[in-house]
Amino acid sequence: MTYSLTLHQARRIALEAQGLARERPTRSPGTREVGRTLARLQLLQIDSVNVLARSHYLPLFARLGVYDRTLLDRFSSMGPRRLVEYWAHEASLVLPELFPYLVSTQTRKWAGAASLPEELRDSLASRILDLLARSRPLTAAQVQERIGHIEQRTTDQWGWNWSSAKRVLEDLFQRGLVSSAGRTAQFERRYALTEKVLPDPRAAQLEVPAAEAYLHLAECAARAIGVGTVRCIADYFRLPMKATDEALSVLVQRGTLIPVTIDRWNQPAYRYAGSVLPRAATGRALLSPFDSAVFERRRLENLFEFHYRIEIYTPAGKRRYGYYVLPFLLRDCMAARVDLKADRAQNRLVVRGAYGESSAPADTAVELAAELVLMADWLGLERIDVEPRGDLAGEVAAHLAGEFGRELNRGTGRLSRRLNPPVNGVPRLGANTSAITS
């Protein structure tokens, strides 16, 4: 039997599944809350861009508010690890129990070493594995230095111009023989044997049949998104469509998934049987471009009528909204998008542009202003500067000014305010000096 959902019902199911349907907890989240959120999401995508904050930190902030980022660092870099790095949607921190299933299904040919001469590849692999068996975790540069591999590198190739040793390391990482014990401050992987990284070393040797792996990952993805099409579910862990479709048929037969139709969707969809449909969505969040809630852009557009593309790789003159643009979720609406930058040298959060959607609620600007204050507090930044780009920028700056201060510095055109740490996402007057450019 196929059930029907309205678009708003589907939205609320999706937001609840991703931990975005409700207001943030009133108290500062600790290990338990972080662990629960990770269990819900199952992965945090990694990206090297650090214009605001590393992308894997942002999803927890969106769901928990001001949390201690060192908790996440400890989860992924200290044993027994509660997160390990591997390929999933892209390079991601994943729950360790997913590792054997992902190794059976993930292929990144570009990251391998197949094009190297076989003799060189096998020799480097043997020397690297021997080194890592008796050493602490090492970066690629340290590995290359310790095995004494020297080569003349070219700079006319695409990508990162990896050395042969780095390519073999990535090949071993892809095959699940080598893992990451954490990242350096420069965001370099610290390589170690996988059995030294996983909480249960036996998982490093576990070979899961591909069909079983697809079935398990499809169920995990369906639980994480709540409701979606075959494409939506396959995209979460970047699984093949055909294998995912076959897995979903089995899950429907088991009663794990329920076929549904959704208003204005022209494709069959599936609802996870254990998903929850809340009466209302009351959350608020700025979402990383790499947040799992916005992974599949077509799903985002179909579900929220919100067309979104990341423009990091678009030439500056051709960008429509900006370099690092975050969707702003307000209740069950993608209400706005904001181009943000953390200017650490001047200790300020820069709003380079703020753009409202046509369907944005009337209180979008004031709620966005409060969210920006919360983010600045979390990042330890003392000032918010709003640049006059976008139809929402002036209103956001005005709300920041009207709600949080009255002292206009006529010499700089800035409005000063004093804030205490926000409570439950709501700024309050108090201690930390900030300034807002209006």
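Structure shown above.
Residues numbered from 1 in each chain as written. Predicted model: local features only at pLDDT ≥ 70, side-chain atom pairs only at ≥ 80, totals over all residues. Heavy atoms only, no water.

J.: Please clarify how the packing of aromatic side chains should be interpreted in this entry.
T.: Working definition: an aromatic ring pair is given by the centre-to-centre distance plus the angle between the planes. Scanning the entire structure with this criterion turns up eight aromatic pairs. Summarising the aromatic geometry, the rings of Tyr236 and Phe295 are spaced 5.6 Å apart at their centres and angled 55 degrees between planes, so their arrangement reads as tilted. Residue Tyr236 is located in helix α11 (residues 230–236), and its partner Phe295 is located in the loop between β10 (284–286) and α13 (297–304); the two are separated by 59 residues in the primary sequence. Assessed through its relative accessible area of 9%, Phe295 is described here as buried. Here the aromatic cluster, defined as three or more aromatic residues joined through ring pairs, consists of Phe61, Tyr67 and Trp378. Cation over ring: Lys166 sits above Trp162, and NZ or CZ is 5.2 Å from the ring centre. One residue, Arg189, lies across the ring of Phe173, its end atom 4.0 Å from the ring centre. (Phe/Tyr/Trp six-rings, centres within 6.5 Å; stacked < 30°, edge-to-face > 60°. Helix = DSSP H or I, 4+ residues; strand = E, 2+ residues; numbered from the N terminus. Buried < 20%, exposed > 50% of the residue type's maximum accessible area, 1.4 Å probe, protein only. Lys NZ or Arg CZ within 6 Å of the ring centre and 35° of its normal.)

J.: Got a minute to help me understand the pairing of strand β4 (residues 91–94) in this structure?
T.: Each regular strand displays side chains that alternate between the two surfaces of the sheet. Across the two faces of β4 the burial is the same, with Ala91 and Leu93 and Ser92 and Val94 all buried. Pairing geometry for strand β2 (residues 43–45) and β4, over three bridges, is antiparallel. Residue Leu44 lies in a different strand from β4, and its bridge partner there is Leu93. Here strand β3 (residues 84–87) folds back onto β4 in antiparallel fashion, the turn holding three residues. (Pairing = 2+ DSSP bridges.)

J.: Even after reading the chapter, I still don't get the nonpolar core, so can you show me in this structure?
T.: A general trend in soluble globular proteins is that nonpolar side chains are found buried together. Ranked by size, the top nonpolar core spans 100 residues in total, and within it Leu52, Phe237 and Met375 carry the most contacts. Core analysis: the second largest hydrophobic core is formed by 29 residues, Ile13, Ile262, Ala293 and Phe306 among them. (Core = buried A, V, L, I, M, F, W, Y, C linked by side-chain atoms within 4.5 Å.)

J.: What am I meant to see in the pattern of salt bridges here?
T.: Side chains bearing opposite charge may pair, as long as their charged atoms lie close to each other. Scanning all chains against the criterion turns up 24 salt bridges. Among the ionic pairs, Arg27 bridges to Glu33, the shortest N-O distance being 2.5 Å. When the shortest N-O distance is used, the salt bridge between Arg348 and Asp343 registers 2.7 Å. Pair check on accessibility: Arg348 and Asp343 agree, each one buried. Salt bridges linked by common partners bring Glu85, Lys166, Glu170, Arg183 and Arg189 together as one network. (Salt bridge = Lys/Arg side-chain N within 4 Å of Asp/Glu carboxyl O.)

J.: I would appreciate a short explanation of the packing of helix α6 (residues 118–133) against helix α8 (residues 164–174) in the present structure.
T.: Two measures define how a pair of helices packs: the angle their axes make with one another and the distance between the axes. Between α6 and α8, whose axes approach to 9 Å, the crossing angle comes to 70 degrees. Between α6 and α8, the interaxial angle falls into the category roughly perpendicular. Along the contact surface, α6 presents Leu120, Arg121, Leu124, Ala125, Ile128, Leu129 and Leu132, while α8 presents Ser164, Ala165, Val168, Leu169 and Leu172. Of the residues assigned to the contact of α6 with α8, the class counts are 10 nonpolar, one polar and one charged. (Axes fitted to C-alpha atoms, helices over the stretch in contact; angles between N-to-C directions. Parallel < 35°, antiparallel > 145°, perpendicular 65-115°, else oblique. Contact = heavy atoms within 4.5 Å. Nonpolar A, V, L, I, M, F, W, Y, C, P; charged D, E, K, R; others polar.)

J.: Can you help me understand the packing of helix α1 (residues 7–17) against α13 in this one?
T.: Two numbers describe how α1 lies on α13: the axes approach to 9 Å, and their chain directions differ by 130 degrees. Between α1 and α13, the interaxial angle falls into the category oblique. Of the residues in α13, those touching α1 at Leu7, Ala10, Arg11, Ala14 and Leu15 are Arg299, Asn302, Leu303 and Phe304. Per-class residue counts for the contact of α1 with α13 are six nonpolar, one polar and two charged.

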